[in-house]
Amino acid sequence: MSPQGVNSYRAGPSPDGHFGLFGGRYVAETLMPLILEVEKAYYAARQDPSFLEELNHYLTHYVGRPSPLYFAERMTKELGGAKIYFKRDELNHTGSHKANNCLGQVLLAKRMGKTRIIAETGAGQHGVATATFCALFDLPCVVYMGATDVERQAPNVARMKLLGAEIVPVTSGAQTLKDAMNEALRDWVAHVDDTYYVIGTAAGPHPYPEMVRDFQCVMGNEAREQILAAEGRLPDALVACIGGGSNSIGLFHPFLDDDGVEMYGVEAAGRGLDTDEHAAAINGGSPGVLHGNRTYLLQDENGQIDEAHSISAGLDYPGIGPEHSWLAAEGRIKYVAATDDEAIEAFQACARLEGILPALEPAHALAYVMRWAGTLAKDKIIIMNLCGRGDKDVFAIAKRLGLPL
Amino acid sequence: MSRLERRFAAIKAEGRGAFIPFITSFDPDPATFQRLLAGLPGAGADVIEIGVPFTDPAADGPSVQASGLRALKQGVSLKKTLAAVAEFRKSDNETPIVLMGYFNPIYIMGCETFAKAAAEAGVDGLITVDLPPEEEAELRDPIKAAGIDIVRLIAPTTLDDRLPYVLEHASGFFYYVSITGITGTASPTLDSIEAAVKRLKKHTDLPMAVGFGIRSPEMVGKVSQVADAAVVGSAIVERVTANLDDQGQAKPDLVEDVLGFVQQLAAGARNAN
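As the structure is a prediction and not an experimental result, all values here were calculated from the model.

*Asks:* Got a sec to walk through the side chain of A:Thr130? Specific residues and values, please.
*Replies:* Its place among the elements puts A:Thr130 in helix α5 (residues 125-136). Once you skip the residues sitting within four places of it in the chain, A:Thr130 turns out to touch A:Cys102, A:Ile117, A:Ala119, A:Cys141 and A:Val198.

*Asks:* With reference to specific residues and values, describe the domain arrangement of chain A.
*Replies:* Residue and element names in this part refer to chain A. On domain assignment, one finds that chain A holds domain 1 (19-60 + 97-208) and domain 2 (64-95 + 217-401). Listed as interface residues are 41 residues of domain 1 and, on the opposing side, 44 residues of domain 2. Summed over both partners, the interface of domain 1 with domain 2 buries about 3,400 Å², with 59% contributed by carbon and sulfur atoms. Area buried by domain 1 at its contact with domain 2 is led by Phe22, His97 and Lys178, which between them contribute 22% of it. Inspection of the region where domain 1 meets domain 2 yields one salt bridge. A salt bridge links Asp316 to Arg152; the shortest N-O distance between them is 2.6 Å. Those elements giving two or more residues to the side of domain 1 that touches domain 2 turn out to be β2 (22-26), α2 (49-63), α4 (98-111), α5, α6 (147-152), α7 (154-162) and α8 (177-190). Among the residues making up the side of domain 1 that touches domain 2, the classes are represented as 18 nonpolar, 17 polar and six charged.

*Asks:* Which residues make up the packing of α2(A) against α4(A), and what values go with them?
*Replies:* Residues and elements named next belong to chain A. Two numbers describe how α2 lies on α4: the axes approach to 10 Å, and their chain directions differ by 140°. The orientation of α2 relative to α4 falls into the category oblique. Our pair here, α2 against α4, has a crossing hand that is right-handed. On α4, the residues touching Phe51, Glu54, Leu55, Tyr58, Leu59 and Val63 of α2 are Ala99, Asn100, Leu103, Gly104, Leu107, Leu108, Lys110 and Arg111.

*Asks:* Pulling in residues and values, what's your account of the interface of chain B and chain A?
*Replies:* Many authors give the size of an interface as the accessible area that is lost as the parts come together. Contacts between the two partners involve 34 residues from chain B, matched on the other side by 36 residues from chain A. Of the roughly 2,700 Å² buried between chain B and chain A, counting both surfaces, carbon and sulfur atoms make up 52%. Of all residues in chain B, B:Asp56, B:Tyr107 and B:Glu135 bury the most surface against chain A, accounting for 20% of the area lost on that side. Where chain B touches chain A, the interface holds three salt bridges. Between B:Asp56 and A:Lys178 there is a salt bridge, and its shortest N-O distance comes to 2.8 Å. Counting across the chain B and chain A interface gives 19 residue pairs in polar contact (both at pLDDT 80 or more). Elements supplying a minimum of two residues to the side of chain B that touches chain A: α3 (62-73), α5 (103-109) and β6 (152-154) of chain B.

*Asks:* I'd like to hear about the nonpolar core, residue by residue, with values.
*Replies:* Counting residues in hydrophobic clusters, the biggest one holds 89 residues, and the most contacted among them are A:Leu31, A:Leu108, A:Trp188, A:Tyr196, A:Tyr197 and A:Tyr208. With near-sequence residues (within four places) excluded, A:Tyr208 lies in contact with A:Ile35, A:Val38, A:Gln105, A:Trp188, A:Tyr196, A:Tyr197, A:Ile199, A:Ala203 and A:Arg213. Counting 72 residues, the second largest nonpolar core, distinct from the first, contains B:Ala121, B:Ile143, B:Leu200 and B:Val232.

Thresholds, definitions, all that
- Residues numbered from 1 in each chain as written.
- Chains lettered and ligands numbered in written order.
- Predicted model: local features only at pLDDT ≥ 70, side-chain atom pairs only at ≥ 80, totals over all residues.
- Heavy atoms only, no water.
- Helix = DSSP H or I, 4+ residues; strand = E, 2+ residues; numbered from the N terminus.
- Contact = heavy atoms within 4.5 Å.
- Domains from an automatic or database assignment.
- Buried area = accessible area lost by both parts, 1.4 Å probe.
- Salt bridge = Lys/Arg side-chain N within 4 Å of Asp/Glu carboxyl O.
- Nonpolar A, V, L, I, M, F, W, Y, C, P; charged D, E, K, R; others polar.
- Axes fitted to C-alpha atoms, helices over the stretch in contact; angles between N-to-C directions.
- Parallel < 35°, antiparallel > 145°, perpendicular 65-115°, else oblique.
- Left-handed = near helix turned anticlockwise from the far one by under 90°.
- Polar contact = N/O pair within 3.5 Å; in protein donor to acceptor, adjacent residues only side chain to side chain.
- Core = buried A, V, L, I, M, F, W, Y, C linked by side-chain atoms within 4.5 Å.
- Buried < 20%, exposed > 50% of the residue type's maximum accessible area, 1.4 Å probe, protein only.

Structure (C-alpha cells):
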C-alpha cells in the first residue's frame, strides 16, 4: 500500500475542504460558523479514543458489524466469469450501510451538546437509520423527505414514524432528495443553536464529505481483511452504486492506493443516458455548485439544476459527492451506469439465484456486475457492495412487474 | 465614487435611512417585471435589489422560492436579468442596482464573463448568498476589477472574531441578516437590531442594511432609523403573488398595486422621526 501523502489518493481533502477543484463550503453566512464548529468538533472526536471506543461498541453490538463478505456462488456460476463477492451491509441493523454514518454523526451531535437532530432522506434508509439512533440516544428527530419519495417508499415512512421521528413531506421542486436537502438546510439555518444536521451521503459542505467517508470506510477496511482471509489476495475490482456516493466511497477508499484494484461506480441511468431522464451526474453532467460543494451536477446552460430521474429513490439526485468528482477527474475510478430496467432485472436475478432481495440502489451495481463479470477470466475477483436490502422496494417492484398482491 | 457610495452619502445628508425593495427577476413575467423595475425609483426605492432565480434557493422562504419558480417558468436567466438591468439603465443612471442570488449561475456563465457583462449592464453590487469569503477568490478579482461592490451578508451567528475576515473585501454596504433563518419568516425585534448595530459599527464604517422579516412601513421606519437601510423582500413578492389570477397571470392592476405598496414602505423610511 502506498504511504499517505502527496502520491496518495487518500490524502484529501485539503485543510480548507477541497478535493482538487471540487468540494469546499458553499453555504450562507448564517451557517458558516456552524460548519466550522462541526469541523472542529469532528477532528477532535476522531482523535479521541473514548469517542472511537463508543463508536466501535455500537457498531459491533448494535449495528452488527462486521458484515459478512459472501461468495455469491450461484451468481458467479450463472455469469460464468469472475468470482463475485457481496459485501453484505444490507444485513446491518436498519437494513443498509447508512447506519455506519448515522451512528457516528449522532454520537458527534451528542458530544457537541446538540439536542435536536434533522436529516434529509431519499429512499428512506438514511432517515430510518437517523430515526433509529435518535430513538436509541433519546433525541428528537425531524426527517425531510420529498413528497414523491414519501409515496414510493411508504414502508420506510412507516418505520421512521414508529421510531418516533417526525416526517416532513417536501413539496417543492420534483419533491425528491434534492428538495429534501434544501428544506433540511432551511431548517438548520433557522435552528442553528440546538440542531445538528445529519447529512446522509458523502456530499454537502466540508467537513461532511470527509466525515461521512470516514464513517463509511469501515466497509472497505473490513472487506480488505475479509478478502485476504478468503482468497489470500486483494480483489481485482470493486463495484458499487452511486447516488451521492457514500456506500461506494466507503468501500473504495481503503483500496484507492492499491494499483491492482479497479473500481467502478455505477450511476443510475434511469430511462437511458441518451434521454434526459437519468441521475448520472458524472456521465451526463458538468461541474457546478449545489448544496454546499462544487461537484458534477445535472444542470442546464444557465446553471439551473435539472431534475434527476431514477426508479431508485436513493440514487435520484442530480449531484454526487465531491471526492467522486475528483477521483473521476483523476481517472482513478471509472463511472459507468445502469438503467431502471437493468436494475429490476438484477433485482430479480439476485432474488432467484441467491435468495437475497437487494435494494434497488445496489441492484444497479449488480446490473453492472451482470453485464461485465462474464467477460472476465474465472480467476478474477470482484467485490460488490450490497449496501441495502430491498424490503422497502418490494411493493413498488411488485406493482411494476404486475404481481397480484 | 460608485453609485452606491453616492446614494448612501446623499441619503445620510438628508438625515434619514434608505429603503431597499427586493423583487425577483422576471416575476411574474418579463414585461411586468420590467415595468415594476422602472417604477421602483419613482415609488421611493433608494437602492434596488433584484433576486436572480435559482432552482435550489436554500436560504429563501416559501414566498421568494415560489417567485423564483414562476420566473424560471418564464425563462429567466442571469443573462436575461442583466439585459433587463441594461434596459432599466436607459432611463435611470443613478439608482443603484444590487443583484442577489446563488453562485452556480454565475459560475456557469464564468466569473470573468459575468463581471464584465454585469458592469456593462449597470449593476452596482453583488450578493452571492452561498459564497462565503472562504470560497470567493475566483469571483472576487473579476468583480472588483469591474468596479462592482461586493456586498457581504453578516448574520447573528457571525461572531466578532470572524467579522474582520468577512468585512475584508466588502464595499458599498453590508447586509445584516436580522434573524437566524430564511427570508420572509420570523421578524427581528428592534432591540436585537440595535444591539447588532452597536456591535457591527465597531468593525466597519460601511453603511448597514438590515433585512429578513421586515414587512411593514412601520418596521421600515424603525429599522432605517437604527441602521442605515431597511430591505423588504418577501412582503413585496407576496404583494405580487396576491395580484395574480388563477392561471398565475398578472392582473391588470398589478404594477400599480405593488408600486403603491412600495410607496407606503418607502414613506416609512422618509417620515420616520
